[in-house]
Amino acid sequence: MDDVAQEVLRQVAEIGAKDLNWKQGRAFSLAYYAGADVQEVADQALAMYASTNGLNADAFPSLKKFQSEVVQMVSAWVHGGDESAGFMTSGGTESILLAVKGSRERGRQEKGITTPNVVLPTSAHAAFEKACYYFGLESRRIAVDAEWRADVTAMSAAIDSNTVLLVGSAPQYPQGVIDPISEIASLGLSMDINVHVDACMGGVTLPFLERLGVPITPWDFRVDGVTSISVDLHKYGYTAKGASVILHRSKKLRSYQTFVTDNWLGGFYGSSGVLGTKSGGPMAAAWAVMNYLGDAGYLRLTKAAYDACQQLADAIEQFPELQLRARPDSTLLSFGASESNNDSSPMFDIYAVADLLAQRGWYVDKQSPPASLHCTVNAVHGAVIDDFLIDLRWAVDEVLTHDSRGERGSYGTIE
Ligand SMILES: *Cc1c(COP(=O)(O)O)cnc(C)c1O
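Reference entry: report on the structure contained in this document. Treat the numbers as computed from the prediction; the structure is a model and nothing was measured. (Residues numbered from 1 in each chain as written. Predicted model: local features only at pLDDT ≥ 70, side-chain atom pairs only at ≥ 80, totals over all residues. Heavy atoms only, no water.)

As for the overall build of the protein
In step 1: In terms of helices and strands, the protein carries twelve helices and 13 strands.
In step 2: Over its C-alpha atoms the protein spans a radius of gyration of 22 Å, differing by no more than 12% from the 22 Å that the globule rule assigns to 415 residues.
In step 3: Looking at the protein as a whole, 53% of its 415 residues qualify as buried.
In step 4: Counted over contacts in the protein with a minimum sequence separation of 6, partners at least 24 positions apart contribute 70%. (Helix = DSSP H or I, 4+ residues; strand = E, 2+ residues; numbered from the N terminus. Rg over C-alpha atoms; globule rule 2.2 N^0.38 Å. Buried < 20%, exposed > 50% of the residue type's maximum accessible area, 1.4 Å probe, protein only. Contact = heavy atoms within 4.5 Å.)

Written out as structure tokens, the structure is:
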């Protein structure tokens, strides 16, 4: 490598100096870390295939193999059986976009629906809103119950002859609980409407938690009526960013997802997803990490993340000033300020707690409504929960003493 190359790479490394310290477990969101060995496997495979193009997997048989084997592994986790079929995508958002697009298409082709709607709980991910907006569907949000799970009675009431999709999450992001998938799926089955299970978070952890003996409410293809499932690998699969899987119960259902045209001067153009040119790196990295970790690795990492999350939940329940929103069904939790006795308003500004935690290098999500903090707990956190709790105790005391106000948060940036 010549001097210029070395200098440029030194700068690339230096520019990241102020980024989140996720490899030390300071980030309870956005990044996941399963140790230096796993990271090395992901990084090397990613680099090897970074500039290959998944647009045409026939030109890169390697990518075809990575994709089909990754999809098969995920299908086995979620009990897809012989009929299920899917693709790798760039992430949970793309998987959800495709589930919504496929449902709209099925409604149009099989039932002649031209003004489609989606019925989904308020807890379902923002990506569904994006999908409805992009593809011209109405989003009908229904309430969650006292335990933050989809209210299936409200769901049933919101369905009409233009409903093309029902959604449940396993687990939902904001409070970390699993929706009543069986009930949602039987609604879908009885009315011949697609049911998507958003397992972007739980798709890797839940199968292994079940094997570890943790009671898990049914949520995958073993539930009749579930037509598609999204599973993110770049979260609890600990693979490089840019990897998710969308699975359909059958090839027929998958056919509504894909797009083909020859209406241009370039000839036949087919594509499975939203992107055109896409890096083969995340596919190679996913294949590499999944084969490296295997069942034993995922059992170990899932247990580590789950135990850390339960430890954090137990500790938060011991804070009189904090309210755990729900016992975590897997590895996500959220909490807010306890309510004052007079008018049940929050006793203090929970966002101010997040701002103080940030001063000590911790990153937690701020969410609402209601104003809460959110922790996505992964395998790296086992070693730091005790430290985090010391700083959480300090931050809560500070905010109570000074009646501090915090800044509102956002999940993404638009500028
Ligand atoms: C992360 C997530 C998504 C969106 O996935 P991206 O990979 O961020 O695009 C959707 N649903 C749930 C439950 C998620 O946790």
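Alright, that's what it looks like, and here's the rest.
So, the packing of aromatic side chains
In step 1: Evaluation of the coordinates by the stated rule reveals 13 aromatic pairs.
In step 2: Between Y32 and Y236, the ring centres sit 5.2 Å apart and the planes meet at 75°, which makes this aromatic pair edge-to-face. Linking Y32 in the loop between α1 (3-15) and α2 (36-49) with Y236 in the loop between β6 (228-232) and β7 (244-248), this pair joins segments that are 204 residues apart in sequence. Side by side, Y32 and Y236 carry an identical accessibility label, which is buried.
In step 3: Between W362 and F388 the ring centres are 5.1 Å apart and the planes differ by 80°, which places this aromatic pair in the edge-to-face class. In this pair, W362 sits in the loop between α11 (350-359) and β12 (365-367) while F388 sits in helix α12 (residues 385-402), placing the two residues 26 residues apart along the sequence. (Phe/Tyr/Trp six-rings, centres within 6.5 Å; stacked < 30°, edge-to-face > 60°.)

Considerations on the nonpolar core
In step 1: Of all hydrophobic cores here, the largest spans 54 residues; its most connected members are W77, M88, W219, I229, L233, Y238 and Y298.
In step 2: Listed by contribution, the elements that provide at least two residues to this core are α2, α3 (61-77), α7 (181-191), α8 (202-211), β6, β7 and α10 (281-317).
In step 3: If you tally residues by element for this core, the top one is α10, at twelve residues.
In step 4: Those residues in contact with I229, other than ones at most four positions away along the chain, are V78, H196, V197, A199, W219, D220, F221, V245, I246 and L247.
In step 5: By size, the runner-up hydrophobic cluster in this structure holds 34 residues, among which are F28, A308, W362 and V364. (Core = buried A, V, L, I, M, F, W, Y, C linked by side-chain atoms within 4.5 Å.)

A closer look at the state of the cysteines
In step 1: For the structure shown, the criterion picks out zero disulfides.
In step 2: The thiol of C375 is unpaired, and the distance to the nearest cysteine sulfur, on C309, comes to 8.1 Å. (Disulfide = S-S within 2.5 Å.)

Points about the sheet that holds strand β10 (residues 322-324)
In step 1: Taking strand neighbours across the sheet as the criterion, the four strands line up as β10-β11-β13-β12 in an open arrangement whose pairing is antiparallel. The sheet is open, and its two edges are formed by β10 and β12, each paired on a single side. Neighbour-to-neighbour, the strand axes of the sheet open up by a mean angle of 30°, direction not taken into account.
In step 2: The pairing of β12 with strand β13 (residues 372-376) spans three bridges and is classified as antiparallel. (Pairing = 2+ DSSP bridges. Axes fitted to C-alpha atoms, helices over the stretch in contact; angles between N-to-C directions.)

A word on the environment of T205
In step 1: Within the secondary structure layout, T205 lies in helix α8.
In step 2: Residue T205 is classed as buried on the basis of its relative accessible area of 1%.
In step 3: Ignoring sequence-local partners within four residues, the contact set of T205 consists of Y236, T302, S330 and T331.

Some points on the pairing of strand β4 (residues 163-169)
Consecutive residues of a regular strand have side chains that alternate between opposite faces of the sheet.
In step 1: The element β4 is largely enclosed, with a buried count of seven among its seven residues.
In step 2: Taken together, the three bridges between strand β2 (residues 117-121) and β4 define a ladder with parallel strand orientation. Note on β4: the bridge partner recorded for V119 is L166.
In step 3: Strand direction decides the pairing type here: β4 and strand β5 (residues 194-198), joined by five bridges, are parallel.

Description of the packing of α2 against α10
In step 1: The contact between α2 and α10 brings their axes to 7 Å, and the two run at 150°. Along this stretch, α2 crosses α10, giving a crossing that reads as right-handed. Listed contacts from α10 to D37, V38, V41, A42, A45, L46 and Y49 of α2 are G281, P282, A284, A285, A288, V289, Y292 and L293.
In step 2: Looking at the contact of α2 with α10 residue by residue, the classes come out as 13 nonpolar, one polar and one charged. (Left-handed = near helix turned anticlockwise from the far one by under 90°. Nonpolar A, V, L, I, M, F, W, Y, C, P; charged D, E, K, R; others polar.)

Examining the site of the ligand
In step 1: In the neighbourhood of the ligand, the contacting residues comprise G91, G92, T93, I96, H125, Y173, D198, C200, M201, D232, H234 and K235.
In step 2: Within the side chain of D232, one N or O atom sits 3.3 Å away from an oxygen atom of the ligand.
In step 3: Between the ligand and the protein, one listed contact pairs an oxygen atom with a side-chain N or O atom of H234 at 2.8 Å.
In step 4: Burial of the ligand by the surrounding chains reaches 84%, relative to a free accessible area of 380 Å².
In step 5: Of all the elements, helix α4 (residues 92-111) adds the most residues to the shell around the ligand, at three residues. (Near = heavy atom within 4 Å. Polar contact = N/O pair within 3.5 Å; in protein donor to acceptor, adjacent residues only side chain to side chain. Areas by Shrake-Rupley, 256 points an atom, 1.4 Å probe, with all protein chains shown as cover.)

With respect to the packing of α11 against α12
In step 1: Where α11 meets α12, the closest approach of the two axes is 9 Å, and the angle between their N-to-C directions is 130°. As far as their axial angle goes, α12 and α11 are oblique. Once α11 is placed against α12, the crossing between them reads as right-handed. Contacts between α11 and α12 involve A352, V353, L356, L357 and Q359 from the first element and F388, D391, L392, W394, A395, V396, E398 and V399 from the second.
In step 2: Across the contact of α11 with α12, the residue classes break down as ten nonpolar, one polar and two charged. (Parallel < 35°, antiparallel > 145°, perpendicular 65-115°, else oblique.)

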